[in-house]
Amino acid sequence: MDDINTLRRILGENRVIAVVGLSADWHRPSYFAAKYMQEHGYRIVPVNPRYAGQPLLGEPCYASLRDIPTPVGIVDVFRKTEDVLPIAEDAIAIGAKVLWQQIGVKNRAAQDRALAAGLDAVMDRCVKIEHGRLFGGLNWVGVNTRVVSARRPRGLAY
Amino acid sequence: MPDRAFGIETLCLHAGQIPDPATGARAAPIYQTTSFVFDSADHAASLFNLQTFGNVYSRISNPTVAVLEERVAALENGRAALACATGQAAEATALLTLAKSGDHIVSASTLYGGTHTLLGVNLQKLGVETTFVDPDDPANFRRALRPNTKLLYAETLGNPLINIVDIEALAAIARDAGVPLVLDNTVPSPYLCRPLDWGADIVLHSATKYLGGHGTTMGGVIVEAGRFNWGNGRFPEFTTPSPGYHGVVFFETFGDFGFTMKARMETMRTFGPALSPMNAWLLLQGVETLPVRMDRHCANALAVARFLADHPRVTFVNYPGLPGSRYHALASKYLPKGASGLLNFGVRGGARAGERFIEAAQFMSHLANIGDAKTLIIHPASTTHRQMSEEEQRRAGVAPDMIRMSVGIESIDDILWDIDQALQASAKA
Ligand SMILES: Cc1ncc(COP(=O)(O)O)c(C=O)c1O
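Note that the structure is predicted; figures quoted are calculated from it, not measured. (Residues numbered from 1 in each chain as written. Chains lettered and ligands numbered in written order. Predicted model: local features only at pLDDT ≥ 70, side-chain atom pairs only at ≥ 80, totals over all residues. Heavy atoms only, no water.)

A. Summary view of the overall build of chain B. A count of helices and strands for chain B gives 17 helices and 12 strands. Here the C-alpha atoms of chain B give a radius of gyration of 22 Å, agreeing with the 22 Å that 2.2 N^0.38 yields for 429 residues. Each of the 429 residues in chain B was classed as buried or not, and the buried ones make up 57%. Of the roughly 16,100 Å² of accessible surface on chain B, 55% is carried by carbon and sulfur atoms. Positive and negative charge centroids in chain B, built from 35 and 41 side chains respectively, lie 3 Å apart. (Helix = DSSP H or I, 4+ residues; strand = E, 2+ residues; numbered from the N terminus. Rg over C-alpha atoms; globule rule 2.2 N^0.38 Å. Buried < 20%, exposed > 50% of the residue type's maximum accessible area, 1.4 Å probe, protein only. Areas by Shrake-Rupley, 256 points an atom, 1.4 Å probe, with all protein chains shown as cover. Lys, Arg positive; Asp, Glu negative; His and termini not counted. Charge placed at Lys NZ, Arg CZ, Asp CG, Glu CD.)

B. Seen up close, the domain arrangement of chain B. Residue and element names in this part refer to chain B. The domain boundaries assigned to chain B delineate domain 1 (8-286) and domain 2 (290-426). Computed from C-alpha coordinates alone, the two centres of domain 1 and domain 2 are separated by 29 Å. Taken together, the contact between domain 1 and domain 2 spans 33 residues of the former and 35 residues of the latter. Regarding the contact of domain 1 and domain 2, the summed buried area is about 3,000 Å², with carbon and sulfur atoms giving 64% of it. A salt bridge links Glu168 to Lys333, with the nearest nitrogen and oxygen atoms 2.5 Å apart. Summed over the shared surface of domain 1 and domain 2, the result is 17 residue pairs in polar contact (both at pLDDT 80 or more). Those elements that place two or more of their residues in the side of domain 1 that touches domain 2 are α1 (8-14), α7 (167-177) and α8 (189-192). (Domains from an automatic or database assignment. Contact = heavy atoms within 4.5 Å. Buried area = accessible area lost by both parts, 1.4 Å probe. Salt bridge = Lys/Arg side-chain N within 4 Å of Asp/Glu carboxyl O. Polar contact = N/O pair within 3.5 Å; in protein donor to acceptor, adjacent residues only side chain to side chain.)

C. How the structure looks around the sheet that holds strand β6 (residues 202-206) of chain B. Residue and element names in this part refer to chain B. Ordered by their spatial adjacency, 7 strands build an open sheet running β1-β7-β6-β5-β4-β2-β3, and the pairing between neighbours is mixed. Two strands lie at the open edges of the sheet, namely β1 (80-84) and β3 (129-133), each paired on one side alone. In this sheet, neighbouring strand axes are inclined to one another by 20° on average, regardless of whether the strands run parallel or antiparallel. Relative to strand β7 (residues 220-224), β6 runs antiparallel, the two sharing 5 bridges. Looking at the pairing, Leu204 lines up with Ile222 of β7. Most of the contacts of helix α4 (residues 87-98) go to β6, to which it runs at about 155°, and overall it touches β1, β2 (104-108), β4 (149-155), β5 (181-184), β6 and β7. Lying over the sheet, helix α11 (residues 258-271) contacts β1, β6 and β7, oriented at roughly 25° with respect to β1. (Pairing = 2+ DSSP bridges. Axes fitted to C-alpha atoms, helices over the stretch in contact; angles between N-to-C directions.)

D. A look at the interface of chain A and chain B. Listed as interface residues are 37 residues of chain A and, on the opposing side, 49 residues of chain B. It is Trp140, Val141 and Val148 of chain A that lose the most area in chain A upon contact with chain B, and together they represent 18% of the buried surface on that side. For the interface between chain A and chain B, the tally reads 2 salt bridges. For Asp42 of chain B, the salt bridge goes to Lys35 of chain A, with nearest N and O atoms at 3.4 Å. At the junction of chain A and chain B, the tally comes to 15 residue pairs in polar contact (both at pLDDT 80 or more). When contributions to the side of chain A that touches chain B are tallied by element, the ones reaching two or more residues are α1 (4-13), α2 (29-39) and α5 (127-135) of chain A. Sorting elements by how many residues they give to the side of chain A that touches chain B places α2 of chain A first, with 6 residues. When the residues that make up the side of chain A that touches chain B are grouped by side-chain class, the tally is 17 nonpolar, 11 polar and 9 charged. (Nonpolar A, V, L, I, M, F, W, Y, C, P; charged D, E, K, R; others polar.)

E. Quick look at a nonpolar patch on the surface. All names here are of chain B. Together, Ile30, Met278 and Leu282 give the surface a local cluster of nonpolar side chains, amounting to about 210 Å² of exposed area. For Ile30, the location among the structural elements is in the loop between α1 and α2 (41-48). The exposure class assigned to Ile30 is partly exposed, which follows from its relative accessible area of 35%. (Patch = residues over 30% accessible without salt bridge, like charges linked within 9 Å, V, L, I, M, F, W, Y side chains within 5 Å.)

F. Just the sheet that holds strand β8 (residues 314-318) of chain B, in detail. Residue and element names in this part refer to chain B. In space, the 5 strands of this open sheet follow the order β8-β9-β12-β11-β10, with mixed pairing throughout. Strands with a single pairing partner mark the edges of an open sheet, and in this sheet they are β8 and β10 (365-366). Where β8 meets strand β9 (residues 342-347), 4 bridges bridge the pair, whose relative direction is antiparallel. If you follow Val314 over to β9, its bridge partner there is Val347. Of the strands in this sheet, β9, β10, β11 (376-378) and β12 (402-406) are in contact with helix α15 (residues 350-360), which crosses β9 at around 125°.

G. Local environment of the state of the cysteines. Residue and element names in this part refer to chain B. For the structure on display, the rule yields 0 disulfides over all chains. In this structure Cys84 is a free cysteine whose sulfur lies 20 Å from that of Cys12, the closest cysteine sulfur available. On the accessibility criterion, Cys84 (0% relative accessible area) is buried. Cys298 takes part in no disulfide bond, and the closest cysteine sulfur to it belongs to Cys193, at a distance of 12 Å. (Disulfide = S-S within 2.5 Å.)

Below you can see the structure in the form of C-alpha cells.
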C-alpha cells in the first residue's frame, strides 16, 4: 500500500492531519513535518498531552485523538513502535481514514488492525518526505524520487 | 499497482525530470540564476531552517543541477546525490563530510594521481591520515583499520592501472568495522557496474568522463545508498545537533539521505565547489546516451585488446575483458556487460618507443583525459609520471613503455589502423 499511486491518492484525498506526538521544539522532525504540511495546504491537529490546551503551529493541541471535535483524515504517528496499537484503536474509533506511522515507526499489528478496519495504512515513511517526493520539492535536494512521467504536473511545488 | 522498476536505459532519459511545471518544456530547462526569491519572511525562515524544500542560492541547490543529481542517483540505484564542479570536488566534498582532523582513512593505493595527492598530501595537511594498501588482497584493508578509521576508499576499476577491486569483500570489511565503503565508479559508469548493489555505501564520479562522455564539461557527483547506520557511534556529527543549523540533527531529520543533506548544507555550502547549471545540462545530454556509448566503448576496447595481444610490437596488454587478465574473474562478476573502454599496453622498445607511438598517431588524441567519445592516448612515463625515476615509476605500476588508451567509439577498423601504423612507426628510430 505504499506504491506511488496509492500514496498520491492518500495525500490528495485527505486534508486534515492529526499529528500524534507533535513536539513544540522547532528543530524536532515532528515539528518540521507538521509545519511543512501546513505550508502545503493541510490542516494540522496537534495531539500531545504535554501541550494539551495550548496552541501549537497556531492550532489547539489535544491530549488524545478522541478529544478532537472535528473529522480527521490522516493520523500521523510520531511515537515509539510499541506505543502505536492503542493509537490505531483511537484512529479507528474517531473515523480517521489513514493510519500513517512515521519513518522508524513500524508496528505491524497496528497496521494490520487499521487495514482490517478499512483504513489505509502506511508504515515507516515520513509524510513530508513523501509529499515532497510525489508532488515536488524533494527532487531539488537530489533525492531519487523514482517518479518517471511525461505528464506536466498540475500544481507548482513550493 | 506496484511501482515499476524501470530499466537503466529508461532512467538515463527520464529519471529526475518531468515536463517543466511552469511551461511544459520537455527538455530540462537551464535555470541559469544565482538566486531564488522568497515568498515571504516566513517562507525564507522555513528554507533557512531546512523545514521546507526549495531553492535559495545556486551554490546550495539549483533545479537544473538537481536533474543531474537525481538522474545519477537513480542510475546508481542510490537514495540521493550531490553534484560538484569536478570529480576532485566530489571527492573532497565527500571526504570532508566524513573525516575531520585526527581521523583516518584506508585507501587502495591504485588510484587516479589527483586522488592519491588529495588523500596523501592535502588531507594529510588538514590532519586526516591515509594508509594506502594493495587492494588485490582485500584483507589488507582490514589489517590497516584503526579505532579512528572513518571510511574505506577505492576505485571500482582503477585508473591508470586497470585493476578491479572485489567490492563484496571490501563491503564486508567495511560493515564489520562500522565504516562506509566509498568507491570511485568513474571508469565503469553505472551502466556497467552499480557498486551500491554490491554493498558499497557511497559512490563518487568524475562526470567529466563517461557520464558526460564528450570531453566538453567538468563535473562530479556523490551518490549515497541510504543504508548506512550513521547512528553506530562512530559519526557523532551526524547524530548530534549541527552548530551550522541551530541544532538540526542530520541523521534523525533526513534519515536515509542524511549524508547527502549534510554534504550539501554544510560542506558544499561553506567550501562552495558547486556545479554550474549550464554544465549540469551539458552533462545531462551525455547521460541520455550513456548505455549506447558504453556498449560501443566496451566492444571497441575488447577488439583493440585482442588486436594488441597478437601484435608483434606489443610487450603486454592489460584489459580485464581478456580471458588472460588477472582481473578477468572480477570483471565477469562485477562488469558482466563489458570491462569499459580503458586499457594499457607496452610498446616494444621502451620509453622512447612509447613516445614515438604517441607522436605517430593520426587521430588518437594525445591528452590527459579519459572517457571521451574520441580515442585518447597518453604515455605516462613521459607525461603524468615524468618527474619520477624509472624505479619510482615501476613501483607506481608505470612501465617505461606503457601506453594508456581510452578507446573511443570511432569505426573500429580505423582505430586498429591508427594503432597499427603508429606501432610500425614506433620501431623506426
Ligand atoms: C578515476 C578518476 N577519478 C576522479 C578523477 C578526477 O575527476 P576530475 O578531473 O573531474 O576532477 C579522475 C580524472 O582523471 C579519474 O580518472
